[in-house]
Amino acid sequence: QVQLVESGGGLVQAGGSLRLSCVASGRTFSIDAMGWFRQDPGKDRDILATINGSGSTYYTDSVKGRFTISRDNAKNTVYLQMNSLKPEDTAVYYCAVVYSSTRRPRYWGQGTQVTVSS
């Protein structure tokens with residue numbers, strides 16, 4: 001099992017920035033890739049970005065050029081730097097351990113709320 005704890009969410013004005021952090025513990029040696037997802041109320045949880053052990057990244061089109069995923073393997077931490085935030089970025093953001101080949105989630109964090117005001 002891997003446990004994930006997110007932090008860094010909050011309220012920000014449109015055009016502002018936030019950095020989310022996610023610390024992994026437990027069987028961290030089993031982690032291949034990690035990612036960030038978000039979920040609006042009543043909607044599916046959508047993938048935003050992933051990063052694998054070699055540093056290769058994937059971004060969904062809606063966040064390309066605005067969000068940056070990174071990881072610090074020594075600290076078992078993955079980050080999501082979010083710039084130029086829009087009101088439509090408001091959601092609960094989740095960190096996950098994912099399968100590198102499929103980007104499907106294996107383990108979830110508890111989520112952190114991000115609210116962007118107009």
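Residues numbered from 1 in each chain as written. Predicted model: local features only at pLDDT ≥ 70, side-chain atom pairs only at ≥ 80, totals over all residues. Heavy atoms only, no water.

Undergrad: Would you mind going over unusual backbone geometry in detail, with residue names and values included?
TA: With a phi angle near 50 degrees, Asn76 is a residue other than glycine that sits in the positive phi range. Relative to the assigned elements, Asn76 resides in the loop between β7 (67-72) and β8 (77-82). Phi at Ser84 takes a positive value of approximately 50 degrees, unusual for a residue other than glycine. You can see Ser84 is positioned in the loop between β8 and β9 (91-98). By relative accessible area, Ser84 is classed as partly exposed at 41%. (Helix = DSSP H or I, 4+ residues; strand = E, 2+ residues; numbered from the N terminus. Buried < 20%, exposed > 50% of the residue type's maximum accessible area, 1.4 Å probe, protein only.)

Undergrad: Residues and numbers for the packing of aromatic side chains, please.
TA: Counting across every chain of the model gives two aromatic pairs. Considering the side-chain rings of Phe37 and Trp108, the 4.8 Å spacing of their centres and the 75 degrees angle between planes classify their relative orientation as edge-to-face. Of this pair, Phe37 sits in strand β4 (residues 33-39) while Trp108 sits in strand β10 (residues 105-108), placing them 71 residues apart in sequence. Since its relative accessible area comes to 34%, Trp108 is described here as partly exposed. On the numbers, 6.1 Å between centres and 75 degrees between planes, the contact of Tyr94 with Trp108 is edge-to-face. Separated by 14 residues along the polypeptide, Tyr94 in strand β9 and Trp108 in strand β10 bring together distant segments of the chain. Taken together, Phe37, Tyr94 and Trp108 form an aromatic cluster joined through their ring pairs. If you follow Arg103 out to its NZ or CZ, it ends over the ring of Tyr58, 3.8 Å from the centre. (Phe/Tyr/Trp six-rings, centres within 6.5 Å; stacked < 30°, edge-to-face > 60°. Lys NZ or Arg CZ within 6 Å of the ring centre and 35° of its normal.)

Undergrad: Would you mind going over the sheet that holds strand β3 (residues 18-26) in detail, with residue names and values included?
TA: Sheet architecture is open: four strands sit in the order β1-β3-β8-β7, paired in antiparallel fashion. This sheet does not close on itself; its edge strands, each paired only once, are β1 (2-7) and β7. Across the sheet, the axes of successive neighbouring strands diverge by a mean angle of 20 degrees, strand direction being ignored. Sheet topology places β1 next to β3; six bridges connect them, and they run antiparallel. Pairing of Val2 across the sheet is with Gly26, part of β3. (Pairing = 2+ DSSP bridges. Axes fitted to C-alpha atoms, helices over the stretch in contact; angles between N-to-C directions.)

Undergrad: Residues and numbers for the side chain of Thr77, please.
TA: As for its placement among the helices and strands, Thr77 is situated in strand β8. Here Thr77 falls in the buried class, since its relative accessible area comes to 7%. Of the polar contacts made by the side chain of Thr77, one reaches the backbone oxygen of Lys75; its length is 2.8 Å. (Polar contact = N/O pair within 3.5 Å; in protein donor to acceptor, adjacent residues only side chain to side chain.)

Undergrad: Lay out the state of the cysteines in plain terms, naming residues and giving numbers.
TA: Tallied over the entire structure, the rule returns one disulfide. One disulfide in the model links Cys22 with Cys95; its S-S distance is 2.1 Å. When the S-S torsion is -75 degrees, as for the bridge of Cys22 with Cys95, the disulfide is left-handed. Here Cys95 lies in strand β9 and Cys22 lies in strand β3, a separation of 73 residues in the sequence. (Disulfide = S-S within 2.5 Å.)

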